[in-house]
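Geometric and topological summary
Residue strings, one per chain:
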Amino acid sequence: MSNKKFKPTSYIVVFWNEGGTEKVKEEIYPMHQYSFDDVLALLKGKEATCDIYEGRYWKEREKYITVGKSYVWDTFGWGQQM
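The shown structure was predicted, so the numbers you read here are calculated from the model rather than taken from an experiment. Each residue is numbered by its place in its chain's sequence as written, counting from 1. Residue-level local features of this predicted model are given only where pLDDT is at least 70; pairs of side-chain atoms are given and counted only at 80 or more, and the full residue set underlies all totals for whole chains, interfaces and linings. Excluding hydrogens and water, the side-chain figures rest on all heavy atoms present in the structure.

1. Quick notes on the sheet that holds strand 2 (residues 23-30)
- Pairing is antiparallel across the open sheet formed by five strands, whose spatial order is 2-1-3-4-5. At either margin of the open sheet sits one strand with a lone partner, and together these are strand 2 and strand 5 (77-80). Direction aside, neighbouring strands of the sheet carry axes that sit 35 degrees apart on average.
- In this structure, strand 3 (residues 50-58) lies alongside strand 4 (residues 63-74), joined through seven bridges in antiparallel fashion. Bridging across to strand 4, Arg56 finds its partner in Ile65. At least two bridges found by DSSP between two strands is the condition for calling them paired. Helix numbers and strand numbers start at the N terminus; a helix is a DSSP run of H or I with at least 4 residues, a strand a run of E with at least 2. Simply put, an axis is a line fit to the C-alpha atoms, just over the touching stretch for a helix, and the angle between two N-to-C directions goes from 0 to 180 degrees.

This is the structure we're talking about:
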């Protein structure tokens with residue numbers, strides 16, 4: 001899948017359980033309404049339990065998919081996942 005064809009349109013925030021093994025919920029923040037800094041401000045205090053992905057809605061599969069960068073929380077702040 002080419003990232004040129006599917007450019008990110010939303011920030012997808014996935015919340016995990018305490019052990020980080022099971023997805024608890026997912027929140028979508030459209031990029032035309034929220035900047036990355038806005039999303040970080042909304043997640044203040046919840047950083048250790050969630051990850052942020054750049055994605056878009058795929059109509060054929062009827063769900064959001066990751067097509068851009070992924071960000072995870074480490075001890076020092078948000079870092080881009082390789």
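2. Thoughts on the nonpolar core
- Counting residues in each nonpolar core, the largest one holds 11 residues, listed as Tyr11, Val13, Phe15, Tyr29, Phe36, Val39, Leu40, Leu43, Cys50, Ile52 and Tyr71.
- Looking at this core, the elements with two or more residues in it are strand 1 (10-16), helix 1 (36-42) and strand 3.
- By definition in these notes, contact holds between two residues if any of their heavy atoms fall within 4.5 Å. Other than its neighbours up to four places away in sequence, Phe36 contacts Tyr11, Ile52 and Tyr71. In plain words, nonpolar cores are sets of buried Ala, Val, Leu, Ile, Met, Phe, Trp, Tyr and Cys residues tied together by side-chain atoms within 4.5 Å. When a residue's accessible area, from a 1.4 Å probe over protein chains only, is under 20% of the maximum for its type it is buried; when over 50% it is exposed; and in between it is partly exposed.

3. Looking at the environment of Lys59
- Mapped onto the elements of the fold, Lys59 is located in the loop between strand 3 and strand 4.
- Spatially, the C-alpha atoms of Lys59 and Ala48 are 31 Å apart, while their sequence positions differ by 11 residues.

4. What about the packing of aromatic side chains?
- Side-chain rings of Phe, Tyr and Trp (the six-membered ring for Trp) are treated as a pair once their centres are within 6.5 Å; stacked means planes under 30 degrees apart, edge-to-face means over 60, and tilted covers the remaining angles. As enumerated under the stated definition, the model contains five aromatic pairs in all.
- Aromatic rings pair up to connect Tyr11, Phe36 and Tyr71 into one cluster.
- A cation over an aromatic ring shows up here: Lys25 above the ring of Phe15, its NZ or CZ 4.9 Å from the ring centre. Here, a charge over a ring is recorded when the distance from Lys NZ or Arg CZ to the ring centre is within 6 Å and its angle to the ring normal is within 35 degrees.

5. Regarding the pattern of salt bridges
- When a carboxyl oxygen of Asp or Glu is within 4 Å of a side-chain nitrogen of Lys or Arg, the pair counts as a salt bridge. Applying the stated criterion across every chain yields a total of two salt bridges.
- Glu26 is the partner of Lys23 in a salt bridge, and the nearest nitrogen-oxygen pair spans 3.2 Å.
- Its relative accessible area of 36% is what places Glu26 among the partly exposed residues.
- Among the salt bridges present, the one from Lys25 reaches Glu27, with a minimum N-O distance of 3.2 Å.
- Owing to a relative accessible area of 42%, Lys25 belongs among the partly exposed residues under this scheme.

Everything listed here is a matter of geometry and, on its own, says nothing about what the molecule does.
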